[in-house]
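Chain by chain, the residues:
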Amino acid sequence: MKFSEDSLQIGLPDTDSNFDLTGLTSTVEIRRDKYGIPHVRANNVKDVFFGQGFVTAQDRLWHMDYDRMRAYGRWAEYAGEQGLENDLFTRPLQIYSSVIRDYAELDENTIEMLDAYASGVNAFIHSAKDLPVEYELINSTPEQWYPWDCLAVYKIRHVMMGGFEPKLTRARLVNEIGPEKTSELYKGYQPNHLLVVPPGQIYSGPYAKGESIFKEMSQHILGLTEPDSGSNSWVLDGTRTKSGLPLIGGDPHRGLDVPNVYYQNHLACDEFDVIGMSFPGCPGFPHFGHNNNVAWCVTHAMSDYQDLYIEKFNPNDASQYEYEGKWLNAQIIPDTIKVRDSHDRSIELVSTIHGPIISGKPADGKAIAIKYTALEPDNKNADSIRSMLSVENVDHMDACMKDWVDPCNNFVFADVEGSIRYLNRGKIPIRPEQNVWLPVPGWTSEGEWDGYVKHEDLPRIVNPEVGFIVTANQKIVDDNYPYLLSLDYAPGYRAQVIHDLVKDLKNAELKDMTEIHSACRSIPAEVYCSLLKNVDSPSKRFEEVKNLLIDWDGSMNKESIEPTIYSAMRITLNKKLVEHNLGDIAESAANAAGSGTGIPGLMRQLEALFVAHAKDNNTELLPDGLEWSSLVKDSLVDGVQWLTEWIGEDIHCWKWGNVHKTDPTHTLSDTFPDISDSFNPPSIGLSGDGDTPHAGFFGPAKPFNIMSTSVARYVFDLSNWEQCHWIVPFGSSGHPGSIHYYDQMEMWSQSKLIPMFYDWQVIRDNSISFQVLKPLTKGDK
């Protein structure tokens, strides 16, 4: 199915005409700047959220609906067989019933926000002349948008961030290679890497020790299988900036969705004036934004708040499971997954006291239930999203986060009085250590949660003497902190590079922050390439590439060839070590994508361990008799041969940007391959890799296709809001035929930023469209 340029115009929203709409109490004005970013102004809170729902639906209705259908396990109704994998995982989570319950427990201001947003979405659906072109493809129309759908969209964007996948991976390792070997390979966060709290402190150890837990739990986890992101942020206080007030910078890392996960927009009313990035389908600005007084941003804290329980089911009655010596009745709900152009699938939604079953079948005697903070009662996350919009200072913002549940974030914020702060926001359950390592027996009460870490006891940094805070998914606190937050963190390489750049900054301004965005120094590259100095050259060709790497500064610049040679060498080296150490699961581990938390997360941990061993000349994970210099040499020989066979003999064609490229794919491209040329944005080469602040994670299964990268960049200047800047990978619009579908992409690839217009006179001067939404009065048609 081919789409002409004219047919791609189907569904482009009318952003110039005025509309009379039901649901408004007063006029809403919408101005769009030259990037298509909407600036919405209303007289009151209710109408401004109506406006946010309306403009988001104008630009991202398909995107919103995609996330809603995924959340409810109904994506196959649109995508056919391609959507089944999603639905078979998410439908058992029963997100729909959880958001209905959550909505009923929220305060009246939050309910007003959600109701008004949903009214705005529905007003667009009912007033639009044409719907997005995707609905023509699937021959369908969107259902009514309900207020609780906003909560579902938010949950589906974070369900994979809570730590359950690594537990299944460790269980698989214990089953495959035994407790001792698993403990030898899985050591957690590396000593000598940076912590978040306090700024600049190095983690002195020890390595995590899991062998005793692995041995204790090994009999319980026999036969368990797995069911079928990162970020940077930093803030400088006024002692380090030219203006004397704080600067905040950063970039979230996620999969490169089409359209982009974040939506740039601006809301102003009588209570607040906030600009930032929202999740299409969810009101407010939960992760990135600023009002008149405070700016805020997040990175993933890598915290563990999803536990897995092994449930024993009655061999004579699979509707019952064991708990404390008694058989309890499971909640069982028959359900059907509808599949476009295929037959329906009948499933059962099974839940125990711990939560929904996500893996295994009760009829087989064992299954795994997930206990997840966002699926538990008393989830008032949305109350925080609402209240944070009108905060006056960092103390007020901190207090607003008391109800925050999921995801657990490294939350960095600053105010116009000059204060900077860090908070590890979110609900962290208090439970036994073994819960963080592995799935635990569900038939006893030994693994139950004992409440949550109190808000006042969460890790914090308040106006540090060093004048800066850096977060890049590294370990948050050392082992003196009384609660175990997680085992699985990103290595400290990105944090170290950012720390080294900010620690000497004085009189910092915008250009200094953007230089950090574009930093692509690789610490692992420095370690491995230094080992080549003592390696003999078996050929002239080898001597040439060896000297290139020895003289290289470790910068993963897209215009250089050294990053390509180094990456080929490292992939080969990792493959050799994984095959030696992981046995039968080596192939799936080596081919895992670069940014996940299960097998990919294991690879991230192993790769960091390999780097540490190489630096210390520790040979315990090498094959007998092999030294690191020999392994690096062999890996470089094999890597060069692979590049030669793949790209060709001409080394000048091996530029990093020629192979390290994005592969953006529209949500329906797998279902309708013929639309790819029209719906997929172009591929583009990037600097960096998974170890650099300028991020471009990739997996060896598709070298060097970028799996995860920066999905937004921003700088907030607390001295002058008109000096704030931002960028996203594609554009503000989710319509393939829009000029704003990927008009920010080229600038994003070059680490450039665009203005974040905030002053309303500046917005009027830079508007390319103006639209008014008016209340529908009696007698209007």
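Q: Would you mind going over the pairing of strand 3 (residues 38-42) with me for this structure?
A: One face of the sheet, then the other: side chains in a regular strand alternate in exactly this way. Among the 5 residues in strand 3, 4 count as buried, and that is most of the element. Pairing geometry for strand 2 (residues 28-33) and strand 3, over 5 bridges, is antiparallel. Its bridge partner being in strand 3, Val-28 is matched across the sheet by Ala-42. The antiparallel hairpin formed by strand 2 and strand 3 contains 4 residues in its connecting segment, where Gly-36 sits at a positive phi of about 80 degrees. Where strand 3 and strand 7 (residues 263-268) come together, 3 bridges link them in parallel fashion. Looking at strand 7, one finds that Val-40 is bridged to Leu-267.

Q: Explain the packing of aromatic side chains to me, please; I cannot follow it from the model alone.
A: Centre-to-centre distance and the angle between the planes together describe a pair of aromatic rings. In this structure the tally under the stated criterion is 38 aromatic pairs. Taking 6.3 Å as the distance between ring centres and 90 degrees as the angle between the ring planes, the aromatic pair formed by Tyr-154 and Trp-404 counts as edge-to-face. Accessibility assignment for this pair places Tyr-154 and Trp-404 in one class, buried. Taken together, a centroid distance of 5.1 Å and an interplanar angle of 90 degrees make the contact between Phe-698 and Phe-704 edge-to-face. We classify Phe-698 as buried; its relative accessible area is 17%. With a relative accessible area of 0%, Phe-704 lands in the buried category. Taken together, the aromatic side chains of Tyr-154, Tyr-262, Phe-279, Phe-288, Trp-404, Tyr-714 and Phe-716 make up a single cluster linked through ring pairs.

Q: Explain helix 16 (residues 523-530) here, please?
A: Given 3.6 residues to a turn, an α-helix orients residues that are three or four positions apart in the same direction. Judged by how many residues are buried, helix 16 sits mostly within the fold: 6 of 8 residues are covered. Of all the residues in helix 16, the buried ones are Ile-523, Pro-524, Ala-525, Val-527, Tyr-528 and Cys-529.

Q: Honestly, the side chain of His-39 in this entry has me stumped. Any pointers?
A: Note that His-39 resides in strand 3. In this structure His-39 comes out as buried when scored by relative accessible area, which is 1%. Here the side chain of His-39 touches Asp-33 through a polar contact of 3.1 Å, side chain to side chain. Setting aside anything within four residues of it in sequence, one finds His-39 in contact with Glu-29, Ile-30, Arg-31, Asp-33, His-266, Ile-275, Phe-757, Trp-760 and Ile-763.

Q: Help me out: how do you make sense of the side chain of Asn-381 in this one?
A: Positionally, Asn-381 belongs in helix 11 (residues 381-387). Not counting chain neighbours up to four residues away, the residues in contact with Asn-381 comprise Tyr-154, Asp-403, Trp-404, Val-405 and Asp-406.

Q: So what exactly am I meant to see when it comes to the sheet that holds strand 9 (residues 288-290) here?
A: The strands making up a sheet associate through hydrogen bonds between their backbones, and the pairing can be parallel or antiparallel. With mixed pairing, 11 strands are arranged side by side in an open sheet as 1-29-2-3-7-8-9-10-18-19-21. The two strands at the open ends of the sheet, each matched to only one other strand, are strand 1 (19-21) and strand 21 (460-462). Going across the sheet, the axis of each strand differs from the next one's by a mean of 20 degrees, ignoring polarity. Summarising the sheet, strand 1 and strand 29 (residues 767-775) pair through 3 bridges and their orientation is parallel. Bridging from a neighbouring strand, Phe-19 pairs with Leu-773 of strand 29. Packed on one face of the sheet, helix 1 (residues 45-71) meets strand 1, strand 2, strand 3, strand 7, strand 8 (273-278) and strand 29 and runs near 155 degrees to strand 7.

Q: Looking at this model, I keep getting lost on unusual backbone geometry. Mind explaining?
A: Across residues other than glycine, the phi torsion is negative in most instances, and most of the peptide bonds are trans. Omega for the peptide link from Val-197 to Pro-198 comes to -5 degrees, which places this bond in the cis form. Residue placement: Pro-198 occurs in the loop between helix 9 (179-185) and helix 10 (211-217). Residues Gly-205 and Pro-206 are joined by a peptide bond in cis, for which omega reads 5 degrees. Here Pro-206 lies in the loop between helix 9 and helix 10.

Q: What's the story with the environment of Gly-365 in this structure? I'm lost.
A: Mapped onto the fold, Gly-365 is located in the loop between strand 16 (355-361) and strand 17 (366-372). Separated by 100 residues in the primary sequence, Gly-365 and Asn-265 have C-alpha atoms spaced 51 Å apart. Sequence-distant contacts of Gly-365, defined by excluding residues within four places in its chain, comprise Glu-311, Lys-312 and Phe-313.

Q: Please explain the pairing of strand 12 (residues 317-323) as it appears in this structure.
A: Strand direction decides the pairing type here: strand 11 (residues 306-314) and strand 12, joined by 2 bridges, are antiparallel. Residue pairing across strands places Asn-314 opposite Asp-317, the latter belonging to strand 12. What sits between the antiparallel neighbours strand 11 and strand 12 is a turn of 2 residues. Pairing between strand 12 and strand 13 (residues 326-329): 4 bridges, direction antiparallel. Paired with Tyr-323 across the two strands is Lys-326, which belongs to strand 13.

Q: Sorry if this is basic, but what is going on with helix 7 (residues 147-156) here?
A: Of all 10 residues in helix 7, 10 are buried; the element is thus mostly enclosed. Taken as a whole, helix 7 has its buried residues at Pro-147, Trp-148, Asp-149, Cys-150, Leu-151, Ala-152, Val-153, Tyr-154, Lys-155 and Ile-156. Packing partners of the buried residues in helix 7 comprise helix 1, helix 3 (84-90), helix 4 (95-104), helix 5 (108-127) and helix 11.

Q: Help me understand a negative patch on the surface, please; the structure alone is not making it clear to me.
A: A cluster of acidic residues, Asp-107, Glu-108, Glu-112 and Asp-403, forms a negative patch on the protein surface. Asp-107 gets classed as partly exposed once you look at its relative accessible area, which sits at 34%.

Q: Looking at this structure, I do not really get the environment of Asn-381. What am I missing?
A: On the basis of relative accessibility, which here comes to 7%, the residue Asn-381 falls in the buried class. In this structure the C-alpha to C-alpha distance between Asn-381 and Pro-682, which are 301 residues apart in sequence, comes to 37 Å.

Q: So what exactly am I meant to see when it comes to the pattern of salt bridges here?
A: Close approach of charged atoms lets side chains of opposite charge pair. The final tally for this structure, using the stated rule, is 39 salt bridges. The residue Arg-157 makes a salt bridge to Asp-67 at a minimum N-O spacing of 2.8 Å. Of the two residues, Arg-157 sits in the loop between helix 7 and helix 8 (164-177) while Asp-67 sits in helix 1, which places them 90 residues apart along the sequence. The buried category is assigned to Asp-67, whose relative accessible area is 1%.

Q: So what exactly am I meant to see when it comes to the environment of Pro-673 here?
A: Tracing the backbone through its elements, the reader meets Pro-673 in the loop between strand 23 (665-666) and helix 23 (676-679). Taking the C-alpha atoms as reference points, Pro-673 and Leu-548, separated by 125 residues in sequence, lie 41 Å from one another.

Analysis parameters
Residues numbered from 1 in each chain as written. Predicted model: local features only at pLDDT ≥ 70, side-chain atom pairs only at ≥ 80, totals over all residues. Heavy atoms only, no water. Buried < 20%, exposed > 50% of the residue type's maximum accessible area, 1.4 Å probe, protein only. Helix = DSSP H or I, 4+ residues; strand = E, 2+ residues; numbered from the N terminus. Pairing = 2+ DSSP bridges. Phe/Tyr/Trp six-rings, centres within 6.5 Å; stacked < 30°, edge-to-face > 60°. Polar contact = N/O pair within 3.5 Å; in protein donor to acceptor, adjacent residues only side chain to side chain. Contact = heavy atoms within 4.5 Å. Axes fitted to C-alpha atoms, helices over the stretch in contact; angles between N-to-C directions. Patch = residues over 30% accessible without salt bridge, like charges linked within 9 Å, V, L, I, M, F, W, Y side chains within 5 Å. Areas by Shrake-Rupley, 256 points an atom, 1.4 Å probe, with all protein chains shown as cover. Salt bridge = Lys/Arg side-chain N within 4 Å of Asp/Glu carboxyl O. Lys, Arg positive; Asp, Glu negative; His and termini not counted. Charge placed at Lys NZ, Arg CZ, Asp CG, Glu CD.

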